[in-house]
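Letter by letter, the chains look like this.
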Amino acid sequence: MKKLFQNRGIGFFSELVLAILSIVTAIVYAVSYGNFVNQATNNKPSISWVGFVFLLLWVVIAVAGKFTKFGKYTPYVDIVFIELALFFFIYRIYYYVSVMSLGIDAKWNFTFFFNVILFVLLTVLAIVNCFLPQEKKEIKE
């Protein structure tokens, strides 16, 4: 087990934290909006299941990529999938935000802000992870 993590840089461990945070975000997102039906959009649920799948799919791809020779490219895959999930979240929640900002039914709920904070945190951590070393550099003597 120690040999598995021997040559890993701080980016590898930050990506593991990012994967755990992504799973938590997907669970919170599904629980928060999975059954919430928006009357203005023809009774469609407010959750974007495509965004939910993107949140979980990149975790599988990144973990599989970390243990192959494509591990150095997984931070870029993270950003693409997390940003796509964020954009699908924004697309499905847009009507709610527009109604709240106009004051028609002006009662913001906590789950909206909690989901936004999780998505923004995922985005920032994914961008920071691109600049972190994924493998330790060997020092030549």
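### Looking at helix H2 (residues 49-66)
At step 1: With 18 residues, H2 should reach 26 Å at 1.5 Å per residue; the first-to-last C-alpha distance of 26 Å fits that figure.
At step 2: By the burial criterion, the buried members of H2 are Gly-51, Phe-52, Phe-54, Leu-55, Trp-58, Val-59, Ala-62, Gly-65 and Lys-66.
At step 3: In this fold, the buried residues of H2 make contact with helix H1 (10-33), helix H3 (74-102) and helix H4 (110-130).

### Some thoughts on the packing of aromatic side chains
Both the distance between ring centres and the angle between the ring planes are used here to describe each pair of aromatic rings.
At step 1: In this structure the tally under the stated criterion is nine aromatic pairs.
At step 2: Taking the centre distance of 5.9 Å and the plane angle of 25° together, the rings of Phe-54 and Phe-88 count as stacked. Taken together, the positions of Phe-54 in helix H2 and Phe-88 in helix H3 put the pair 34 residues apart, joining distant regions of the chain.
At step 3: Taken together, the ring pairs connect Tyr-29, Tyr-33, Phe-89 and Phe-119 into an aromatic cluster.

### Considering a nonpolar patch on the surface
At step 1: On the surface, Ile-23, Ile-27, Val-31 and Leu-56 cluster together into a nonpolar patch covering about 350 Å² of accessible area.
At step 2: Looking at the nonpolar patch element by element, the count peaks at three residues for H1.
At step 3: Looking at the element boundaries, Val-31 is found in helix H1.
At step 4: For Val-31, a relative accessible area of 68% corresponds to the exposed category.

What counts and what doesn't
Residues numbered from 1 in each chain as written. Predicted model: local features only at pLDDT ≥ 70, side-chain atom pairs only at ≥ 80, totals over all residues. Heavy atoms only, no water. Helix = DSSP H or I, 4+ residues; strand = E, 2+ residues; numbered from the N terminus. Expected span 1.5 Å × (residues − 1). Buried < 20%, exposed > 50% of the residue type's maximum accessible area, 1.4 Å probe, protein only. Contact = heavy atoms within 4.5 Å. Phe/Tyr/Trp six-rings, centres within 6.5 Å; stacked < 30°, edge-to-face > 60°. Patch = residues over 30% accessible without salt bridge, like charges linked within 9 Å, V, L, I, M, F, W, Y side chains within 5 Å. Areas by Shrake-Rupley, 256 points an atom, 1.4 Å probe, with all protein chains shown as cover. Salt bridge = Lys/Arg side-chain N within 4 Å of Asp/Glu carboxyl O.

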